[in-house]
Amino acid sequence: MSTARELWLRHQAGERLSRDEQAALVAALRADETLRAELLGDERVDGLLRGLAFGRVDAEPFVAGVARQAAAERDSEAFVRGVRDRLEAEPRRTRVRAGRRLLPRGAGPASRPAPAWLVARRRRLWPAAVAAAILVGLGVLFNAQFRLLVGRFGEQPAPAGAPVAILQQIAGDVRVVSARGERPARAGQELHAGEELLTVTAASMALAQHMGRVTLRLGGNTRLAFMAGPQDSAAPARLSEGALSVDVRSGPGWRYAVETPHAELTVLGTQFSVLVGGDVTRAEVRDGWVLVSNRTTGESQTLGAGYSALIRARTLSVAGPAGAGSEPPGTRVTAGLLVLYAFGEGAGTVVHDLAGVGQPLHLRVADPRAVRWLPGGGLAVERPTVLKADRPAGKVTGACRASGAITLEAWIRPSLPEQGGPPRRGGARVVGLSERSLKSDVYLGQWLDRWKIRIETSVPFPENALHSLSRCVNTELLHVVLTRDAAGSLGCWQDGKPVPLGTMRRTEPGEPVDVLPGSFATWPDDLFLQLANDFGDDRAWLGEYHLIALYDRALSAEEVQRNYRAGPPH
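So, here's what we can say about the structure.

The rules behind the values
Residues numbered from 1 in each chain as written. Predicted model: local features only at pLDDT ≥ 70, side-chain atom pairs only at ≥ 80, totals over all residues. Heavy atoms only, no water. Helix = DSSP H or I, 4+ residues; strand = E, 2+ residues; numbered from the N terminus. Buried < 20%, exposed > 50% of the residue type's maximum accessible area, 1.4 Å probe, protein only. Contact = heavy atoms within 4.5 Å. Areas by Shrake-Rupley, 256 points an atom, 1.4 Å probe, with all protein chains shown as cover. Pairing = 2+ DSSP bridges. Phe/Tyr/Trp six-rings, centres within 6.5 Å; stacked < 30°, edge-to-face > 60°. Lys NZ or Arg CZ within 6 Å of the ring centre and 35° of its normal. Disulfide = S-S within 2.5 Å. Salt bridge = Lys/Arg side-chain N within 4 Å of Asp/Glu carboxyl O.

### Brief notes about the overall build of the protein chain
Okay, so step 1: Helix and strand content of the protein chain: 10 helices and 35 strands.
Okay, so step 2: Each of the 570 residues in the protein chain was classed as buried or not, and the buried ones make up 48%.
Okay, so step 3: Looking at the protein chain alone, contacts between residues at least 24 apart form 60% of all its contacts between residues at least 6 apart.
Okay, so step 4: Accessible surface, the protein chain: about 25,600 Å² in total, of which carbon and sulfur atoms supply 53%.

### A look at unusual backbone geometry
Okay, so step 1: Backbone geometry places phenylalanine 343, a non-glycine residue, at a positive phi of 55°.
Okay, so step 2: Looking at the secondary structure, you find phenylalanine 343 in the loop between strand S18 (337-341) and strand S19 (350-351).
Okay, so step 3: The class of phenylalanine 343 is buried, set by a relative accessible area of 1%.
Okay, so step 4: Phi angles above zero are rare outside glycine, and aspartate 495 is one such case at about 50°.
Okay, so step 5: Note that aspartate 495 resides in the loop between strand S30 (490-494) and strand S31 (497-498).

### Some thoughts on the pairing of strand S2 (residues 174-178)
Okay, so step 1: Judged by how many residues are buried, S2 sits mostly within the fold: 4 of 5 residues are covered.
Okay, so step 2: Sheet topology note: the S2/strand S5 (residues 196-199) ladder contains 4 bridges and is antiparallel. Within S5, the position partnered with valine 176 by the bridge is leucine 197.
Okay, so step 3: Sheet topology places S2 next to strand S3 (residues 181-184); 4 bridges connect them, and they run antiparallel.

### Remarks on the packing of aromatic side chains
Okay, so step 1: By the definition in use, this model includes 4 aromatic pairs.
Okay, so step 2: Centre to centre, the rings of phenylalanine 520 and tryptophan 523 are 4.2 Å apart; their planes meet at 15°, and the pair counts as stacked.
Okay, so step 3: The class of phenylalanine 520 is buried, set by a relative accessible area of 0%.
Okay, so step 4: When its relative accessible area of 3% is taken as the criterion, tryptophan 523 is described as buried.
Okay, so step 5: Every member of this aromatic cluster is reached through a ring pair, and the members are Phe343, Trp541 and Tyr545.
Okay, so step 6: Across from the ring centre of tyrosine 443, 3.7 Å away, lies the NZ or CZ of arginine 429, which sits over that ring.

### Structural notes on the state of the cysteines
Two cysteines form a disulfide when their sulfur atoms are joined by a covalent bond.
Okay, so step 1: For the structure shown, the criterion picks out 0 disulfides.
Okay, so step 2: For the unlinked cysteine cysteine 472, the closest cysteine sulfur is that of cysteine 492, found at 7.0 Å.
Okay, so step 3: Judged by its relative accessible area of 13%, cysteine 472 falls in the buried class.

### Things to note about the pattern of salt bridges
Okay, so step 1: With the rule as written, the count across this model stands at 20 salt bridges.
Okay, so step 2: With its nearest N and O atoms 3.6 Å apart, the salt bridge here joins aspartate 390 to arginine 364. Within this pair, whereas aspartate 390 is found in the loop between strand S23 (387-389) and helix H9 (394-403), its partner arginine 364 is found in strand S20 (residues 363-365), the two being separated by 26 residues in sequence.
Okay, so step 3: With a closest N to O distance of 2.7 Å, glutamate 456 and arginine 454 form a salt bridge.
Okay, so step 4: Overall, glutamate 456 belongs to the buried group, its relative accessible area being 15%.
Okay, so step 5: Each of the salt bridges in this network shares a partner with another, and the network as a whole consists of Asp173, Arg175 and Glu182.

### Looking at the environment of alanine 283
Okay, so step 1: With respect to the element layout, alanine 283 can be found in strand S13 (residues 280-287).
Okay, so step 2: In this structure, the C-alpha to C-alpha distance between alanine 283 and isoleucine 311, residues 28 residues apart in sequence, is 8.3 Å.
Okay, so step 3: Among residues more than four places away in sequence, those in contact with alanine 283 are Leu265, Ser273, Val274, Leu303, Tyr307, Ser308 and Ala309.

What follows is the structure in structure tokens.
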């Protein structure tokens, strides 16, 4: 049985269709909207070309006619009716393409000479040729519309803008899918935002470089879409099915994430793989960290190396190398997480909040010349500056006021073993929540070779600016955690070990302090989160940042150990 397109071509060539073939063509046109649009365009261009060939129109009206047809709305139902009526009323004689003799059935080429009117008409064909040449020249002005009319329906102009990915290697059947349709892929091909890469068979594979820094390896039967850049999309890559391996060891210059139908996986500088099949997404981390979030419930978990997660519509479960429980040791604690900075941007002036809680609280570097992005991740503050948000940290202050508790965590490397000392007795600020009045309600700082800590509560305390009683600051990469629970109990850890806090008399230790009474009810709404300095610009701290996190609860000693064992993100 001939296809509808074959029947149409025969009909356009002048062949008489049988009644069954006529009925099949009309039925196919009614059933297939795409086919109707395609053949309607062919019908209209065919009519215009016929008119040009017979000299009924000159070049200028023809070009205008094509342009009008390209812009006009297509009446597909009327087209179907017209095809049906013309097929039924078609005279029983052979029709030949325009410009050739019209002969009765059975007549041969030499049965009689051509009539004078046809000879004269042939002589007028040369203006048609000139008009056709003009049409070719003018075609560039309405190329897209003309291609639509001659049957290449659905094809759109090539993607605009710079490519977002380069296809480096392929094996087997690999396709690129875009608004223009589906076409074979080739090594070295540039891929643009909005295009998809498809590995058709189980034996197919593809290797692509995305955004210049991320290596993507696609397994068989995989479909991956390249979205707009990270400034326009939280997830530059979307995996709808199949297997994907991601390598971002170099650290992208922005937040990079992979989205699946069930999850979003935010990269903190790592290697991981993700598999989508049926109703489940599986993620497995080989190096570094990945923040995994369930798109339906919002539940999230940070995975360390060797751990995996299964994400379904309403569940997120995590397992370790030996199939441990839902929150195995080695992964970071996410319960109560408010903000998280991993400093994996690699470039730019913005440090992104990766916690995935509420409205993100991104930080901006006041003086880009004062900082240096570290290879593989991290930010070195080499001269006095400040990193602060453009708006108050409402999601932090509101949650902590409600809970009466807070945890402040930092992976940092001080540049000097002693800084922030006299004559600036206030110490150097590592991270803090401050008012514009220069009053800090919460901060972790460095004073000489000790940690300096302040937590303001509703109960006045003579020495609420406390210090570590030991000289524990050095220039190694350090994990420092400060906690205060709703009952007022204080805790401080460095590299997983408790650090006693107390008052200071000049440079000598005073009395140990492990409780701060009161609540956070006096905290105002206009506290700003700031790193490396304060509003007064006289509390500068120099060193490397690798992670900063805040929670609305006090982590337990076991949870502090867990985050320490998980290590820094880079």
